[in-house]
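If you want the building blocks of each chain, they are given just below.
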Amino acid sequence: MGTGSRVGVVFGGRSVEHDVSIVTAHQVMAAADGRHDIVPIYITREGKWLTGAALNDLSVYRDKRWDEVGEEGFIPPVTGYGGLLIPGGRLRGIRKVPLDVVIPSIHGTFGEDGTLQGLLELAGIPYAGSSAGASALGMDKVAMKAVFAAAGLPVVEDVLVRTARLDRDADSIVAEVEHKIGYPAFVKPSRLGSSVGIGKAIDRATLLAALDVARRYDTRILVERAMEGCIEVNCSVLGGPGVAPRASVCEQPLAAEEFLTFSDKYLRGGGGKGTGGGGKGNGGGKDESGFKGSGMASLDRRIPAPISDALTKEVQDNALRAFRAIEAAGVARIDSFVDVDAGKTWVMEINTVPGSFSFYLWEAQGMSFTRLVDELIEIALAGYRERAELMFSFDSGMLEGGGGAKADG
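This is a predicted model, so every value here is computed, not measured.

1. Digging into unusual backbone geometry
No. 1: Of note, the amide linkage connecting Tyr 183 to Pro 184 takes the cis form, showing an omega dihedral of -5°.
No. 2: Topologically, Pro 184 is positioned in the loop between α9 (170–180) and β9 (185–189).
No. 3: Pro 304 follows Ile 303 through a cis peptide bond whose omega is -5°.
No. 4: Structurally, the position occupied by Pro 304 is in the loop between β14 (301–302) and α12 (309–325).
No. 5: The backbone of Lys 64 sits at a positive phi, close to 55°, despite the residue not being glycine.
No. 6: Within the secondary structure layout, Lys 64 lies in the loop between α2 (59–62) and α3 (66–69).
No. 7: The phi angle at Ser 358 is positive, at roughly 55°, despite the residue not being glycine.
No. 8: Summarising the element assignment, Ser 358 is placed in the loop between β16 (344–351) and α13 (359–363).
No. 9: Its relative accessible area of 0% is what places Ser 358 among the buried residues.

2. Some points on helix α1 (residues 18–32)
Residues separated by three or four positions in an α-helix point in the same direction, a consequence of the helix having 3.6 residues per turn.
No. 1: End to end, α1 covers 21 Å across 15 residues, agreeing with the expected 21 Å (1.5 Å per residue, within 8%).
No. 2: Most of α1 is tucked away, with 14 of its 15 residues classed as buried.

3. Focus: the sheet that holds strand β4 (residues 71–72)
No. 1: As summarised here, the arrangement of the 5 strands in space is β4-β3-β2-β1-β7, forming an open sheet in which the pairing is mixed. Sheet topology places β4 and β7 (101–104) at the edges, where each strand pairs with a single neighbour.
No. 2: Looking at chain direction, strand β3 (residues 49–51) and β4 are connected through 2 bridges and run antiparallel. Its bridge partner being in β4, Thr 51 is matched across the sheet by Glu 71.
No. 3: Along the sheet face, α1 touches β1 (6–12), β2 (37–43) and β7 and points at about 160° away from the line of β1.
No. 4: Along the sheet face, helix α14 (residues 369–388) touches β1 and β7 and points at about 120° away from the line of β7.

4. A look at a nonpolar patch on the surface
No. 1: There is a patch of nonpolar side chains on the surface, built from Val 16, Val 213 and Tyr 217 and spanning about 220 Å² of accessible area.
No. 2: Residue placement: Val 16 occurs in the loop between β1 and α1.
No. 3: Among the residues examined, Val 16 registers a relative accessible area of 37% and is labelled partly exposed.

5. Looking at the side chain of Thr 352
No. 1: Inspection of the secondary structure assignment puts Thr 352 in the loop between β16 and α13.
No. 2: Aside from chain neighbours lying at most four places away, what touches Thr 352 is Glu 112, Ser 130, Ala 134, Ser 135, Gly 138, Ile 326, Val 331 and Ala 332.

6. Comments concerning the packing of helix α6 (residues 132–139) against helix α7 (residues 141–150)
No. 1: In the contact formed by α6 and α7, the axes pass within 5 Å of each other and the chain directions differ by 100°. Considering the angle they form, α6 stands roughly perpendicular to α7. Together, Leu 137, Gly 138 and Met 139 of α6 and Lys 141, Ala 143, Met 144 and Val 147 of α7 make up the contact between the two elements.
No. 2: Counted by class, the contact of α6 with α7 contains 5 nonpolar, 1 polar and 1 charged residues.

7. Description of the pairing of strand β12 (residues 231–240)
Within a regular strand, side chains alternate between the sheet's two faces.
No. 1: With 9 of 10 residues buried, β12 is to be regarded as a mostly interior element.
No. 2: Alignment of β12 against strand β15 (residues 330–339), held across 9 bridges, turns out to be antiparallel. Of the residues in β15, the one forming a bridge with Val 233 is Ser 336.
No. 3: Pairing of β12 with strand β13 (residues 243–253), which is carried by 5 bridges, proceeds in the antiparallel orientation. Across the sheet, the residue bridging to Cys 235 is Cys 250, located in β13.
No. 4: Here β12 folds back onto β13 in antiparallel fashion, the turn holding 2 residues, of which Gly 242 has a positive phi close to 85°.

What counts, and at which threshold
- Residues numbered from 1 in each chain as written.
- Predicted model: local features only at pLDDT ≥ 70, side-chain atom pairs only at ≥ 80, totals over all residues.
- Heavy atoms only, no water.
- Helix = DSSP H or I, 4+ residues; strand = E, 2+ residues; numbered from the N terminus.
- Buried < 20%, exposed > 50% of the residue type's maximum accessible area, 1.4 Å probe, protein only.
- Expected span 1.5 Å × (residues − 1).
- Pairing = 2+ DSSP bridges.
- Contact = heavy atoms within 4.5 Å.
- Axes fitted to C-alpha atoms, helices over the stretch in contact; angles between N-to-C directions.
- Patch = residues over 30% accessible without salt bridge, like charges linked within 9 Å, V, L, I, M, F, W, Y side chains within 5 Å.
- Areas by Shrake-Rupley, 256 points an atom, 1.4 Å probe, with all protein chains shown as cover.
- Salt bridge = Lys/Arg side-chain N within 4 Å of Asp/Glu carboxyl O.
- Parallel < 35°, antiparallel > 145°, perpendicular 65-115°, else oblique.
- Nonpolar A, V, L, I, M, F, W, Y, C, P; charged D, E, K, R; others polar.

So, in structure tokens, the structure goes:
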């Protein structure tokens, strides 16, 4: 590929993980700066698209100045346009900013769920990460777990709750959960990330309360057995067209509570301690822009995870199988449960746009964040070339010569 691509980084968006996305995108832009021409593309919480070099500055978001420094612009879903359209107004007129590749950096809805990827497919612009279909699968816990189970991966037992049924017959739902799962259990919206909307149920009252919270975020809710006695172990996978998937080192994220809350992941301890309090790969470092230790990189964690070599290999192998099962691409993070005493593992979920792009897991084994971004771009361009070889249209001739088709069939 070489260096010098014009890279659009899309971030923000209509998502509960809006602020996390801003941090992730700025980490990516800092890593790519000087090697690529970066085009920041910020989507506000209301869905307004803005662009401009000044948006590559975190103080803009702290001071809420994006409307002052950004210029309205968006990617039109027109094949061949190949970039941003800047309306410009009467004085400047319509302009185009060509893009060689886009790095979607929105976590959660309208960014990680396949919608942004679908727009980029329509626009015919290469993009980093998983395809629209794989992204949708990775975001939907119900569909994702079905694919994992079909691939023979161990998954946590659950009960699916639809809000329409919850309205009609909450008692039967409680009975099903108590019979199949028992307490304690965790209640999760199907298509949301970063622990938002998740609650712990220890009895009937807390189950109903947690369901009431989760229903505000999704029409489908998963109630999963609490994996008591287990630890969470995460592993990243990098690969896709032209690059065989490979697994990173494993980490054990540390929570103040029994599970990782939003605050645990993103708002605690900017120093990000690892096993050695400042060793390489512990997420506590800073680059010249001063925020490399923010976001997921600031989470307290142990790298490598304190598990045996055999369990480490099992977690990594399962991560690779999960990555392949949904046909992911780029970089993803696969979260697992590990019962150290029993020597068992379960795959929890895959994140196709992981916080901070999991750079700290790759740095821990010698790959710089800059090189990680380069590989993401290389995989994106290889995937685009691969798709370009496919046929998407077929001239049937059925509309020529009158056809004879009748409206009534």
